[in-house]
Protein chains: 2
Amino acid sequence: MAGQRETEEQPGRDSLGAGTVKRVTLRDVAKAAGVSHQTVSRAINGKGEIDPETRRRVLDVARRLRYQPSRFARGLVRPEVVTVGLIVPDVVNPFFPEFMAGVFAAADQRGWQVLVASTENTPPRELALLRSLGRQVDALVSYLSHSDAQLEPYVASVPLVIVDRGMDSSTYALVEVDTAAGIRAGMRHLIDQGHRRIGMIDCAPICDPFVRRRVFAEVAEEHALPIDDHWRIVGEQTLDGGAAAFEALHAAHPDLTAVFAFNDLVAIGALRAARRLGIRVPDDCALVGYDGLSVTDLLDPPLTTLYLDKRRLGEMAVHQVDRLLAGELPPPAVLTPRLNVRGTT
Amino acid sequence: MAGQRETEEQPGRDSLGAGTVKRVTLRDVAKAAGVSHQTVSRAINGKGEIDPETRRRVLDVARRLRYQPSRFARGLVRPEVVTVGLIVPDVVNPFFPEFMAGVFAAADQRGWQVLVASTENTPPRELALLRSLGRQVDALVSYLSHSDAQLEPYVASVPLVIVDRGMDSSTYALVEVDTAAGIRAGMRHLIDQGHRRIGMIDCAPICDPFVRRRVFAEVAEEHALPIDDHWRIVGEQTLDGGAAAFEALHAAHPDLTAVFAFNDLVAIGALRAARRLGIRVPDDCALVGYDGLSVTDLLDPPLTTLYLDKRRLGEMAVHQVDRLLAGELPPPAVLTPRLNVRGTT
DNA sequence: TTGTAGGCGTTATCAT
DNA sequence: ATGATAACGCCTACAA
């Protein structure tokens, strides 16, 4: 009955490429080689109990038929390989490769694999990726700008670790950066150096829910600095954005003696603008960045910046996945940047 | 009968974490909710044909049981998502993020996903990753330093695209960089500028099978340059390696007027060393890099370099996957670097 | 050494 | 609206 019924639908060597290409299966190979599918399995997986001759023949047929085992069928039966999905805003922004390296290292250490996708700084893509990656992995690590409520419909039921979003969550695991501490450290440093007229290059609120500007204002008030909100300029989060912002800041307040930049990219732009304007850094104007990108080593002078251990951040995220996978909802993990004083202050 | 039977084996909140945690399946949820597994499936997948009330109840149970659909079982049944494995030597080396961005973009455009792993510049890891990733993906794109013969036992039967290996292959698809053309363009430029005593900072043979040194020597001979193999120094492929190599080169040949560096990273190191030695670039000594990393924009002076469109390289690799998946073995795709003259020559 | 039976967790199809 | 049944492609028994 289940025997050798007529092969009604023979896929043959149909390499039409299109969608209808019936997959070559273990049984197809078996049929073609005149053995049972079990024997083929043994041959493919290099198990011992098989005649070397049969084996060679089977492997030959398999190759000819372009047989490729289905990872799904395999995964269903064999001990699972954990796969983590990683969503970052932009692979090319030098911040993220370092972060990714941390994730890879920690994942590798556990024998896990990592599926990566980039949102290209496009918030709607965040959600789409969340959904599509979510169905393919055992857990997600993601930079995200949406709130829990916005996220909820898109996060099927995958354990999720959100990185540096700056919002609490009662549902997802978090890895946070203590930005406030970082800003304070940077401001304190500038103030210790005697600076009082300090400008800030900020970023559109989407990058950061107001922490930087809030703390900046707080510190300014605590120290009675002679500056107001006009000393804070919002710029694009790019080199050119930083340059433009610096120019604007300088035009508005020619007497400023220091600038605190949203991040290193912006700071580098500012440094260039300063050079163009004939402003010497740090003599005429000090400059503090944020992130501690390794490219800032290359600058002349090297940038004073709040160094964040991005690699560690990635490792922490994977650690949170650990806990999630163990069934807990761990408390937020927090990483604090460290002031790295170099040539620009 | 199928109703509310005693739940004989209640996994409950067993968060022992260890390996034995039996997976919660659709049927477990079904049993707990007193419905058929089919109904659960409908609820989970938001299909229409289900009573909103049942649905809510089922989803509730699912959540409580921490149900998570198996991506394998799903993949087995649903139209497959193509997954490409991507193996790079080092995520943090600024060359590769750009390359990866190209791969991601091209993959995304096709609705494919990308599984990434890094060899950390460790050749043995190449092979291990090749094997482990190979069983999890539909095709591989990889930077590889081994020969076809060495690779063969590790490449199960996955379509493989090798990037910039500099060796022909009769088995795998290739994306190559026309390094020879690049070197020639760089040398010609230096020679046009009147340089004759040109040093080269080369890299250990593993990075590059002799193309650079060969072409360097060829051009030197063609133009009867007064230099021999001692004008070529092998250095570590790092900033410090570049600096050390420059120093060695300068010590050996104080009269050199130009240096051709293996890549931009090395060139940047050389630039620093030059500055330390009080050698002005380009006045006392010209410098040409290779790769066209975007960080070289930030330097002062910006680096003259052979710009390679790394993003494009990634896209080309994915295109080769296309062909492979269609059953062809495409001819090598070749990308040629473009001389980008800036401040150091 | 080789083949047969059963099950992995899901979705689709067809009854009910 | 819900449930039974049959795939999907593979592997691990166990039987021959």
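Residues numbered from 1 in each chain as written. Chains lettered and ligands numbered in written order. Predicted model: local features only at pLDDT ≥ 70, side-chain atom pairs only at ≥ 80, totals over all residues. Heavy atoms only, no water.

Asker: How should a nonpolar patch on the surface be read in this particular structure?
Answerer: A cluster of nonpolar side chains, contributed by Leu76 and Val77 of chain A together with Leu76 and Val77 of chain B, occupies part of the molecular surface with about 420 Å² of accessible area. Contributions of two or more residues to the nonpolar patch are made by helix 4 (71–77) of chain A together with helix 4 (71–77) of chain B. As for its placement among the helices and strands, Leu76 of chain B is situated in helix 4. (Patch = residues over 30% accessible without salt bridge, like charges linked within 9 Å, V, L, I, M, F, W, Y side chains within 5 Å. Areas by Shrake-Rupley, 256 points an atom, 1.4 Å probe, with all protein chains shown as cover. Salt bridge = Lys/Arg side-chain N within 4 Å of Asp/Glu carboxyl O. Helix = DSSP H or I, 4+ residues; strand = E, 2+ residues; numbered from the N terminus.)

Asker: Just checking my understanding: could you explain the protein's contact with DNA strand D for this structure?
Answerer: In the neighbourhood of DNA strand D, 27 residues make up the surrounding shell, with Leu26, Gln38 and Tyr67 of chain A together with Thr39 and Arg42 of chain B lying closest. Protein-adjacent atoms of DNA strand D, using a 4 Å cutoff, are sugar or phosphate at a proportion of 59%. At 3.3 Å from a phosphate oxygen of DNA strand D is found a main-chain nitrogen or oxygen belonging to Ser70 of chain A. The separation between a base nitrogen of DNA strand D and a polar side-chain atom of Arg42 of chain B is 2.7 Å. When contributions to the surface near DNA strand D are tallied by element, the ones reaching two or more residues are helix 1 (26–33), helix 2 (37–44) and helix 4 of chain A together with helix 2 (37–44) and helix 4 of chain B. Classifying every residue of the surface near DNA strand D gives ten nonpolar, eleven polar and six charged. (Near = heavy atom within 4 Å. Polar contact = N/O pair within 3.5 Å; in protein donor to acceptor, adjacent residues only side chain to side chain. Nonpolar A, V, L, I, M, F, W, Y, C, P; charged D, E, K, R; others polar.)

Asker: What is the right way to read the sheet that holds strand 8 (residues 258–261) of chain B from this model?
Answerer: The pairing of strands in a sheet happens through backbone hydrogen bonds and is either parallel or antiparallel. Residue and element names in this part refer to chain B. Pairing is mixed across the open sheet formed by six strands, whose spatial order is 7-6-8-9-10-12. Of all strands in the sheet, those bounded by a partner on one side alone are strand 7 (232–235) and strand 12 (338–340). Direction aside, the axes of adjacent strands within the sheet are offset by 20° on average. Where strand 10 (residues 304–307) and strand 12 come together, three bridges link them in antiparallel fashion. Opposite Tyr307, over in strand 12, you have Arg338 as the bridge partner. Contacts from helix 9 (residues 211–222) reach strand 6 (198–203), strand 7 and strand 9 (286–291), with the element oriented near 165° to strand 6. (Pairing = 2+ DSSP bridges. Axes fitted to C-alpha atoms, helices over the stretch in contact; angles between N-to-C directions. Contact = heavy atoms within 4.5 Å.)

Asker: Got a minute to help me understand the side chain of Arg232 of chain A in this structure?
Answerer: Residues and elements named next belong to chain A. Relative to the helices and strands, Arg232 resides in strand 7 (residues 232–235). Classification of Arg232 by relative accessible area gives buried; the value is 16%. Within the structure, Arg232 has its side chain in polar contact with the side chain of Asp202 (distance 3.0 Å). Sequence-distant contacts of Arg232, defined by excluding residues within four places in its chain, comprise Met200, Asp202 and Arg213. (Buried < 20%, exposed > 50% of the residue type's maximum accessible area, 1.4 Å probe, protein only.)

Asker: In this structure, what is going on with unusual backbone geometry? I would like to understand it.
Answerer: Peptide bonds are mostly trans, and most non-glycine residues show a negative phi. Residue Pro282 of chain A follows Val281 of chain A across a cis peptide bond; omega there is 5°. Mapped onto the elements, Pro282 of chain A comes out in the loop between helix 11 (264–276) and strand 9 (286–291). In this model, Asn121 of chain A sits at a positive phi of 55°, which is unusual for a non-glycine residue. When you line up the elements, Asn121 of chain A lands in the loop between strand 2 (113–118) and helix 6 (123–134). The backbone of Ala224 of chain B shows a phi angle near 50°, a positive value even though the residue is not glycine. A relative accessible area of 55% places Ala224 of chain B in the exposed class.

Asker: Would you explain the pairing of strand 1 (residues 83–88) of chain B in this entry?
Answerer: All names here are of chain B. Burial analysis of strand 1 places six of its six residues in the buried class, the great majority of the element. Here strand 1 pairs with strand 2 (residues 113–118) via six bridges, running parallel. Each residue of the ladder has a partner; that of Gly85, found in strand 2, is Leu115. With respect to chirality, the unit in which strand 1 leads through helix 5 (residues 95–109) into the neighbouring parallel strand 2 is right-handed. One ladder, built from four bridges, connects strand 1 with strand 3 (residues 139–143); its direction is parallel. Looking across to strand 3, one finds that Gly85 is bridged to Leu140. (Right-handed = clockwise from strand over helix to strand, strands pointing away.)

Asker: I keep staring at the packing of helix 1 (residues 26–33) of chain B against helix 3 (residues 52–64) of chain B and nothing clicks. Help me out?
Answerer: Helices that pack against each other are described as a pair by the angle of their axes relative to one another and the distance between those axes. All names here are of chain B. At a minimum axis distance of 9 Å, the contact between helix 1 and helix 3 shows a crossing angle of 120°. On the basis of the axis angle, helix 1 is oblique to helix 3. The handedness of the crossing between helix 1 and helix 3 is right-handed. Contact residues: Val29, Ala32 and Ala33 in helix 1; Arg57, Val58, Val61 and Ala62 in helix 3. Residue classes in the contact of helix 1 with helix 3 are distributed as six nonpolar, no polar and one charged. (Parallel < 35°, antiparallel > 145°, perpendicular 65-115°, else oblique. Left-handed = near helix turned anticlockwise from the far one by under 90°.)

Asker: I would appreciate a short explanation of the pattern of salt bridges in the present structure.
Answerer: Between side chains of opposite charge, a pair can form when the charged atoms approach closely. All chains considered together, the criterion is met by 36 salt bridges over all chains. Ionic pairing is found between Arg184 of chain B and Glu218 of chain B, a salt bridge with its closest N-O pair at 2.9 Å. Separated by 34 residues along the polypeptide, Arg184 of chain B in helix 8 (residues 179–192) and Glu218 of chain B in helix 9 bring together distant segments of the chain. Classification of Arg184 of chain B by relative accessible area gives partly exposed; the value is 25%. Residues Glu222 of chain B and Arg184 of chain B are paired through a salt bridge, measuring 3.0 Å at the closest nitrogen-oxygen approach. Residue Glu222 of chain B is located in helix 9, and its partner Arg184 of chain B is located in helix 8; the two are separated by 38 residues in the primary sequence. When salt bridges that share partners are traced, they join Arg184, Arg214, Glu218 and Glu222 of chain A into one network.

Asker: Help me understand the protein's contact with DNA strand C, please; the structure alone is not making it clear to me.
Answerer: Contacts to DNA strand C come from 28 residues, most closely from Thr39 of chain A together with Leu26, Arg27, Gln38 and Tyr67 of chain B. Between DNA strand C and Arg42 of chain A there is a distance of 3.0 Å, counted from a base nitrogen to a side-chain nitrogen or oxygen. At 2.8 Å from a phosphate oxygen of DNA strand C is found a side-chain nitrogen or oxygen belonging to Arg74 of chain B. Those elements that place two or more of their residues in the surface near DNA strand C are helix 2 and helix 4 of chain A together with helix 1, helix 2 and helix 4 of chain B. Counting residues per element, the surface near DNA strand C draws most heavily on helix 4 of chain B, at four residues. In terms of residue class, the surface near DNA strand C is made up of ten nonpolar, eleven polar and seven charged.

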